[in-house]
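Fold and geometry: a report
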Amino acid sequence: MSRTTLFADVLLPLPVKGTFTYRVPFDMNNAVKVGQRVSVQFGTKKVYAGLIKRLHQQVPVAVPKYILHLLDDQPLVNPFQFQFWEWISDYYMCTEGDVMNAALPSAFKLSSESKVLLSPEFKLDEFILDEFEYRITEALLEKEKLTIDEISKQVGFQKVLPLLKKMIDKRMIFMEEELKGGYKPKLEKMVSFSDTFQSDEAIRQLMDELGKRAHKQLEIVMAYISMRGFVKDQNKLISRDALLKRAGSNTTILKALVDKGVFKITERVISRFQDESQEKAAPMVLSEMQKIAFDHIHKAFVNFNVALLHGVTSGGKTEIYIKLIEKVLQQGKQVLYLLPEIALTTQIISRLKKYFGNQVGIYHSRYSKDERAEVWNNLSGREKSNDVSQYKVILGPRSAIFLPFENLGLIIVDEEHDQSYKQYDPAPRYNARDAAIYLATIHKAKVVLGSATPSIESYYNAMNGKYALVELNERYGGLKMPGIEVVDLRDEHRRRMLRSHFSSVLLMEINGALKDKKQVILFQNRRGFSLRVECEQCGWVPQCKYCDVTLTYHKHSELLKCHYCGYSTTIPHECHDCGNTFLKMQGFGTEKVVEELSLILPDARIDRMDLDTTRTKNAFHRIIGNFEERKTDILIGTQMVTKGLDFDNVQVVGVLSADNMLSFPDFRAHERSFQLMEQVSGRAGRKHKQGKVVIQAWKPDHPIIRSVVKHDYMEMYKLQLAERKRFFYPPYYRLILIKMKHKKADLLREGAVVFAKELRTKFGKMLYGPEFPLVSRVRSFYIMQIMIKTARGSNYTAVKDELNKSFQEFRSLAQYKSIIIQFDVDPQ
């Protein structure tokens, strides 16, 4: 044991700047490593699992506390990750503790739980106990420690803390903090012959003996020999469950054989993921256009670290990705394949597994905490499972950038324009696309950004020589782009041709597709049944109690719901302002589209894909699987149906209301509208026959709709670029959004004015606000915003330093300390 005095700088999963220094006990000196988790006391009571970021011998000024426990044999986090976390913390103006919280699977984030114990001074005959004190002490005499919840159950009520305080004051009990939670590998019980039965002769004698008086036991032995096969290794491990199933037996009979010394039971670590062995795909053959694009990317990587692949919808980008992955795996490196939606992993994973087998792993939030921890351990090599090889390709949404890659060679960001790559709340408010580029820099890896409708910032970077630009302008197999027809809803309304929310043109196309045994996708960018309930007499609309938004009606649950905080209430019978009982539904969401289309087309099999229908773990898989297998005729959805899904039987796509997107008050609204309409259009006619797209709009001559009809990305790009330059928006300027929150509107307004006044001395006319946003109250907190714009090419680090100084000065003002301040760098 080394007697060197060691200190550890420990990172805690808290929104506090920096690390905290702890003393390493001598008996841990030889075991501690950077990247391991340790349990440490923080404050007077709390115990946390922190990460060792640095080991050193510099004696701190204050006397440090000791590390309590070492939680890992091997490091959980590698040096690449620490470097990456530092960059995210610095660039997105948050703490490393925030990043640690976002990065680690919850199974690795342990925090303490209060436990109640009897005091050593407690003697039952020296205390007069009331009924509840007696119940608690009696329980503690049986069980050494109890949680607060367990005590609540003992006494029969929730608010037990006053009772516990009284008992602590009497020195009857005391409380301690104990770490709870944690990852446990999945174990499987395995059966093998004991040492006594290693020879054929011994096994023959055993079978003769069992055949006379223990036929059930003999059946298990026979099943074991059958499953083991004719091998010399008498000790072959067989799954206990598989053995009992084969023998048609149970654990009681097997236990009798174990007790006799015939078998021994051991445990081995297995994966929580089933081995979905797929038929190996034939070698990939690229089309001429795909081959040109692939070669262009490969050559571009000599001079560029990032390549933007701008390919039309159904151009075959995935095949190019597979070829690139193949090349990187041959070099012995890892690949990260980012997708904006969990739904997309369902389709892509089966394609990748046909080429790369069990080298492919998935990581996303619909997995359980232990499943996510298993993927992490597999990638880092901390845990060897007997039935799954180490992953070389990881597929996942934005959170996958935090995994412990050791040798990353390529990052693919598919549908790179998608706003789902941006994390909004809580901190860190990072953009996975931009963060992936820095992650690749650390690993000296390459990045491919792919999209049929690239973000204006990415395309600008490519046009100005920061990224390589690769174009793929032809659909795979020479298919034509879908024909687009714009329906003027004013004209349809005037001629009384509208049926509910469906124009005569759209219904004709849907009927034609169904007649030809083809499928239909309908896009409506609102979930729920009706956007609002409104009084016919005075215009009153039910509002959320905690947010400044109207409530959306959901027919399935017969509730009005807030899509910001989750608040729900029943539908009012009368207007709360005038008492009128005539309330009407205004607007429509996906739920209403399904109901009304079911009345018009009663024989059609209709399904819906939105946030409400995809909350469960396997919902995506079920909905997409049914559509792929043609069990669904019409799929109605929100943005989820626009994102790179590949269905070969879709003939018609309908956009039910283009105007909603175009009129949204945001500088990216027109760009996003083009992207959504172009992307959803790309779902039509992907195989065999040209598809048809119907866009319904009250303003059919809008420039963005015209660009969509022509599939003209460049026209939209140039229009938007001119607008952005004129009004100081990205890509010419960078934005930092400052959100200030408080439950008292007056205090918030006063504090925001003071903070903005201080900032204006540094940023002048490039500071905008403070002002209330469109939704000015969420979860009872009022919100005000300040925007800072800085010219591209200016010293962004210096801007943030000045902002941080002003923030610290504002924080020192006691009257405003309760105001929450959040920074959103590069807001979406």
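The notes below deal with the structure included here. None of these values were measured; they are calculated from a predicted model. (Residues numbered from 1 in each chain as written. Predicted model: local features only at pLDDT ≥ 70, side-chain atom pairs only at ≥ 80, totals over all residues. Heavy atoms only, no water.)

Secondary structure summary: the chain contains 25 helices and 34 strands in total. Computed over C-alpha atoms, the radius of gyration of the chain comes to 32 Å, within 12% of the 28 Å expected from 2.2 N^0.38 for 828 residues, which places it in the range of a compact globule. The principal-axis extents of the C-alpha atoms in the chain amount to approximately 90 × 75 × 65 Å. Taken across its 828 residues, the chain has 52% of its residues classed as buried. At a minimum sequence separation of 6, the contacts of the chain that also span at least 24 residues come to 75%. (Helix = DSSP H or I, 4+ residues; strand = E, 2+ residues; numbered from the N terminus. Rg over C-alpha atoms; globule rule 2.2 N^0.38 Å. Buried < 20%, exposed > 50% of the residue type's maximum accessible area, 1.4 Å probe, protein only. Contact = heavy atoms within 4.5 Å.)

What follows concerns the sheet that holds strand S9 (residues 186–193). Across the sheet, which stays open at both edges, the 3 strands sit in the order S10-S9-S11 with antiparallel pairing between neighbours. Each having just a single partner strand, strand S10 (238–239) and strand S11 (263–270) make up the two edges of the open sheet. Here S9 runs beside S11; their pairing, made up of 8 bridges, is antiparallel. The residue of S11 that forms the bridge with Lys189 is Glu267. (Pairing = 2+ DSSP bridges.)

Joining two cysteines, a disulfide is a covalent bond between their sulfur atoms. Within this structure, the stated rule accounts for 0 disulfides. Just so you know, Cys547 is unpaired, no disulfide at all, and the nearest cysteine sulfur is the one on Cys565, 3.7 Å from it. (Disulfide = S-S within 2.5 Å.)

The subject of this paragraph is unusual backbone geometry. That bond from Asp425 to Pro426 is cis: its omega, -5°, falls within 30 degrees of zero. Looking at where Pro426 falls in the secondary structure, it is placed in the loop between strand S16 (408–414) and helix H14 (432–443). The linkage connecting Pro730 with the following residue, Pro731, adopts the cis geometry, with an omega of 15°. Positive phi values are uncommon outside glycine, yet Met93 reaches one of about 55°. By secondary structure assignment, the location of Met93 is in the loop between helix H1 (79–91) and helix H2 (96–103). Phi is positive for Glu415, close to 50°, though the residue is something other than glycine. Among the structural elements, Glu415 can be located in the loop between S16 and H14.

Before going further, it helps to examine the packing of helix H3 (residues 131–142) against helix H4 (residues 148–155). Each pair of packed helices can be summarised by the angle the axes make with each other and by the distance between the axes. Two elements in contact, H3 and H4, have axes separated by 9 Å at closest approach and are oriented at 130°. As summarised for this structure, H3 and H4 are arranged oblique, according to the angle between their axes. For H3 against H4, the interelement crossing comes out right-handed. Where H3 approaches H4, its residues Phe132, Arg135, Ile136 and Ala139 are matched on the opposing element by Ile151, Gln154 and Val155. In terms of residue class, the contact of H3 with H4 is built from 5 nonpolar, 1 polar and 1 charged. (Axes fitted to C-alpha atoms, helices over the stretch in contact; angles between N-to-C directions. Parallel < 35°, antiparallel > 145°, perpendicular 65-115°, else oblique. Left-handed = near helix turned anticlockwise from the far one by under 90°. Nonpolar A, V, L, I, M, F, W, Y, C, P; charged D, E, K, R; others polar.)

Along the chain, Tyr424 turns up in the loop between S16 and H14. With a relative accessible area of 36%, Tyr424 lands in the partly exposed category. Expressed as a C-alpha distance, the spacing of Tyr424 and Asp195, which sit 229 residues apart in the sequence, is 60 Å. Tyr424 has contacts with Gln419, Arg429 and Gln828, leaving out every residue within four places of it along the chain.

Turning our eyes to something else, we now look at the packing of helix H6 (residues 200–213) against helix H7 (residues 215–228). Interaxial distance between H6 and H7 falls to 7 Å at its minimum, and their mutual angle equals 145°. The chirality of how H6 crosses H7 is left-handed. Together, Ile203, Leu206, Met207, Leu210, Gly211 and Arg213 of H6 and His215, Gln217, Leu218, Val221, Met222, Ile225 and Arg228 of H7 make up the contact between the two elements. The residue makeup of the contact of H6 with H7, split by class, is 8 nonpolar, 3 polar and 2 charged.

Taken as a whole, this structure holds 30 aromatic pairs when the rule is applied. Taking 4.7 Å as the distance between ring centres and 80° as the angle between the ring planes, the aromatic pair formed by Phe627 and Phe647 counts as edge-to-face. With Phe627 in helix H19 (residues 619–628) and Phe647 in the loop between strand S27 (634–637) and strand S28 (650–655), the pair connects residues that are 20 residues apart, well separated along the chain. Given a relative accessible area of 0%, Phe627 falls into the buried group. A relative accessible area of 4% means that Phe647 is categorised as buried. Measuring from ring centre to ring centre gives 4.2 Å for Phe667 and Tyr729, while their planes differ by 10°; the resulting arrangement is stacked. On the criterion of sequence distance, the pair formed by Phe667 in the loop between helix H20 (658–662) and helix H21 (669–681) and Tyr729 in the loop between helix H23 (713–726) and strand S30 (733–742) is long-range, its members being 62 residues apart. By relative accessible area, Tyr729 is classed as partly exposed at 23%. Through a chain of ring-to-ring contacts, three or more aromatic side chains come together here, namely Trp87, Tyr91, Tyr92, Tyr438 and Tyr796. In this structure, Lys800 is placed above the aromatic ring of Tyr91, and the distance from its NZ or CZ to the ring centre is 3.7 Å. (Phe/Tyr/Trp six-rings, centres within 6.5 Å; stacked < 30°, edge-to-face > 60°. Lys NZ or Arg CZ within 6 Å of the ring centre and 35° of its normal.)

To continue, consider the sheet that holds strand S18 (residues 468–472). With respect to topology, 7 strands assemble into an open sheet ordered S14-S15-S13-S16-S17-S12-S18, the strand pairing being parallel. Single-partner strands in this sheet number two, and they are strand S14 (360–362) and S18. Between one strand axis and the next, the sheet turns through 20° on average, direction left out of account. One ladder, built from 5 bridges, connects strand S12 (residues 306–311) with strand S17 (residues 446–451); its direction is parallel. Looking at the pairing, His310 lines up with Ser451 of S17.

A few words now on the pattern of salt bridges. Counting across every chain of the model gives 42 salt bridges. We note a salt bridge from Glu758 to Lys762, for which the minimum N-O separation is 3.8 Å. Here Glu758 and its partner Lys762 are both found in helix H24 (residues 745–763), 4 residues apart, which amounts to about one turn of the helix. Judged by its relative accessible area of 26%, Glu758 is partly exposed. Under the relative-accessibility criterion, Lys762 is labelled partly exposed at 30%. Two residues, Lys762 and Glu802, come together in a salt bridge whose shortest N-O distance is 3.4 Å. Highlighted residues: Lys762 in helix H24 and Glu802 in helix H25 (residues 796–811), separated in sequence by 40 residues. Relative accessible area serves as the criterion here: at 29%, Glu802 is assigned to the partly exposed category. One continuous salt-bridge network, built from bridges that share partners, spans Asp130, Glu133, Lys166 and Lys170. (Salt bridge = Lys/Arg side-chain N within 4 Å of Asp/Glu carboxyl O.)

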